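# Architecture and fold: a report
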Amino acid sequence: MAPAKRTAKKAAKKTTAKKAVAKKPVAKKAVAKRPVAKKAAARAPARPAAGLPTFVYGSRVKEYVKTTSDSGAMRCPEDTLAALNEEIAQVVAAAVKRAEGNKRNTLRGVDF
């Protein structure tokens, strides 16, 4: 009979251990929200000339300008991006005319 008593004691210990492990849910305290600071009005991005699609996106150009400059402090304002966009449009238009002059319907790298 001794082995049966031991298993009963072990079973009783396991059930009491499980009961002790269970945690009671804790009510969360209400936290007062801080007033949100207003952000500064963002400047309107420089838009390309009328009718031109956007070829250049600023984040990549600005990153390239910083990494290319010797000091790493070169800045790139919005009007620079608009001018770059117009230059790209002119280069693409010239390449299209060259391809058409060669009686091709495909724009190739040699056209640039």
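### With respect to the overall build of the protein chain
The helix and strand tally for the protein chain stands at three helices and zero strands. By element, 59% of the accessible surface of the protein chain is carried by carbon and sulfur atoms, the whole surface being about 10,700 Å².

### Looking at the pattern of salt bridges
Summed over all chains, the structure comprises three salt bridges. Taking the shortest distance from any N to any O, the salt bridge between Arg 98 and Asp 111 comes out at 2.9 Å. Separated by 13 residues along the polypeptide, Arg 98 in helix α3 (residues 78-101) and Asp 111 in the segment after α3 bring together distant segments of the chain. For Arg 98, a relative accessible area of 41% gives the class partly exposed. Asp 111 serves as the salt-bridge partner of Arg 104, at 2.5 Å between the closest nitrogen and oxygen. The exposure class of Asp 111 is buried, given its relative accessible area of 5%. One salt-bridge network, in which partners are shared between bridges, spans Arg 98, Arg 104 and Asp 111.

### A closer look at the confidence of the model for the protein chain
Looking at the protein chain as a whole, the pLDDT averages 75, with 59% of positions reaching at least 70. Between the elements of the protein chain, mean pLDDT differs from a low of 59, seen in helix α1 (residues 2-21), to a high of 91, seen in α3.

Parameters at a glance
- Residues numbered from 1 in each chain as written.
- Predicted model: local features only at pLDDT ≥ 70, side-chain atom pairs only at ≥ 80, totals over all residues.
- Heavy atoms only, no water.
- Helix = DSSP H or I, 4+ residues; strand = E, 2+ residues; numbered from the N terminus.
- Areas by Shrake-Rupley, 256 points an atom, 1.4 Å probe, with all protein chains shown as cover.
- Salt bridge = Lys/Arg side-chain N within 4 Å of Asp/Glu carboxyl O.
- Buried < 20%, exposed > 50% of the residue type's maximum accessible area, 1.4 Å probe, protein only.
- pLDDT = per-residue confidence, 0-100.

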